[in-house]
Amino acid sequence: MAPLRQLEVSPEAGVFAALPAFVTLVIVILFYSCCKGSSKSKNQRVRKENETLLDQNEKQDLQKKNETLEIEKQTAQAEKQDLQKKNETLEIEKQTAQADLKELRQKTNTVGYVFDREWKLITEHRVKVTPDPDTASPSLTVSEDGSLVRFTGKRSEEWPSVVGREGFTSGRCYWEVEVGEKGYWVLGVSTHPHEKSIPAKPEEGYWLVRLVKGKTCTAVSQSGDQIVQLEKICKVWGVYLDHEGGRLSFYNAGTRFHIYTFEGSFPGQVYPIFSPGSYDKGPLIINVTVNNV
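Residue positions within a chain follow its written sequence, with the count starting from 1. Under the rules for a predicted model, residues below a pLDDT of 70 receive no local features and side-chain atom pairs below 80 are neither given nor counted, while totals for whole chains, interfaces and linings still include all residues. Excluded from the side-chain calculation are hydrogens and water; included are all heavy atoms of the structure.

1. As for the overall build of the chain
The condition is simple: For the purposes of this entry, the term helix denotes a DSSP run of H or I that reaches at least four residues, the term strand denotes a run of E that reaches at least two, and both are numbered from the N terminus. Only protein chains enter the area calculation, which uses a 1.4 Å probe; residues under 20% of their type maximum are buried, those over 50% are exposed, and those in between are partly exposed. Contact between two residues is taken to exist if any of their heavy atoms lie within 4.5 Å; hydrogens are not considered. For the area figures, the Shrake-Rupley method with a 1.4 Å probe applies, and any residue is considered shielded solely by the protein chains shown.
Helix and strand counts for the chain stand at 2 helices and 13 strands. Counting across all 293 residues of the chain, residues that qualify as buried make up 32%. Considering only contacts in the chain between residues 6 or more positions apart, those separated by 24 or more positions represent 64%. For the chain, the accessible surface area stands at approximately 19,500 Å², while carbon and sulfur atoms represent 54% of it.

Put into structure tokens, the structure is as follows:
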């Protein structure tokens, strides 16, 4: 039996034999690369879509917030307009009520009567007024607590006076003085804190009410004198100063009747002024408290 011959394979045949495996490997690599690239692209696309969706949601939320703010703004404007209309209505009602009250006072002969609400607004500005002994005429005596001013000297001047320690440059102030049965006295305000008597015919800087002989009551200022009609004897006088408003009003504090008002302006600081006259020894009693009626 003849020996077997060894089969000889050429290099070219080996290359061709390995070629299918190589091609397969290349295809696998390319497929993997394509899949990886496709997955990456898909992830990027999804991320971009998510970002776009998030932006749209934020935009929608912002738009909704703006719409809500606009609605709230319109509501606030409507409420403001309603409030303005209500205020206008209240102002008309107030003016109507004031006109009705004026007519009522005229019909009931109570033109000077001050009703509860107005009287409360006046008296809530009550202040303590203390006469300053250093400004008093030598013929006057001021009690230690400042509640009494009395004529105790010889009659050398008709209207010896004293002013309050407190001067007023602004605001509203109310104080009361009991004159009792005195026939002579002067009350009011002055811009002359260092004068110790009131001139018989005061000029600039005095706003006064003066009683003579127990029956003649006169409003005195630089504008002249005016007789004041009293509805009844007034034993306790209320004095109300509205500095900014340029008004000095006098009331019967016992009956709450308005007696007289000076209108104009006050140049700077004014001081309460008191004179018990020089014809009797009866005192003026300062800061007496009167029950509201």
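Still more to cover.
2. Some words on the pairing of strand β8 (residues 224-227)
The following threshold applies: Strands are labelled as partners when DSSP assigns at least two bridges between them.
With 4 bridges joining them, strand β7 (residues 216-221) and β8 adopt antiparallel strand pairing. Note that in β8 the partner of Val220 across the bridge is Asp225. Hairpin remark: β7 followed by β8, antiparallel, with 2 residues in the connecting loop.

3. Here's the deal with the nonpolar core
We apply this condition: In these notes, a set of buried Ala, Val, Leu, Ile, Met, Phe, Trp, Tyr and Cys residues joined through side-chain atoms within 4.5 Å is what counts as a nonpolar core.
Of all hydrophobic cores here, the largest spans 35 residues; its most connected members are Trp175, Leu187, Trp237, Leu248, Phe274 and Leu284. Every residue in contact with Phe274, bar those within four places of it in the chain, is listed here: Val129, Pro131, Pro160, Ser161, Val162, Gly164, Trp175, Val177, Val186, Leu187, Leu284 and Ile286. In terms of nonpolar packing, the next biggest core, distinct from the first, is built from 10 residues, Tyr184, Val186, Leu208 and Ile273 among them.

4. A short note on the sheet that holds strand β11 (residues 257-263)
Paired through their backbone hydrogen bonds, the strands of a sheet run either parallel or antiparallel. Here is the rule we go by: To obtain an axis, a line is fitted to C-alpha atoms, over the contacting stretch when the element is a helix, and the angle between two such axes runs from 0 to 180 degrees between their N-to-C directions.
Taken together, the 7 strands give an open sheet; going across it, the order is β1-β2-β13-β4-β9-β10-β11, and neighbouring strands pair in antiparallel fashion. The open sheet is flanked by β1 (140-142) and β11, the only strands paired with a single partner. Between one strand and the next, the sheet's axes are offset by a mean angle of 20°, whatever the strand orientation. In terms of strand pairing, β1 meets strand β2 (residues 148-151) through 3 bridges, oriented antiparallel. Of the residues in β2, the one forming a bridge with Leu140 is Phe151.

5. Considering a nonpolar patch on the surface
Here is the rule: Candidate patch residues must exceed 30% relative accessible area and have no salt bridge, after which like charges are joined if within 9 Å and Val, Leu, Ile, Met, Phe, Trp or Tyr side chains if within 5 Å. Salt bridge, as used here, is a side-chain nitrogen of Lys or Arg placed within 4 Å of a carboxyl oxygen of Asp or Glu.
Where nonpolar side chains cluster on the molecular surface, the patch consists of Leu19, Phe22, Val23, Val26, Ile27 and Leu30 and spans about 530 Å² of accessible area. Turning to its location among the elements, Leu30 is positioned in helix α1 (residues 11-107).

6. Description of the sheet that holds strand β12 (residues 271-275)
A sheet is described by the order of its strands in space; here 6 strands give the open sequence β3-β12-β5-β6-β7-β8, paired in antiparallel fashion. Looking at which strands have only one partner, the edges of the open sheet turn out to be β3 (162-163) and β8. Sheet topology places strand β6 (residues 206-212) next to β7; 6 bridges connect them, and they run antiparallel. Directly across from Val212, in β7, lies its bridge partner Thr216.

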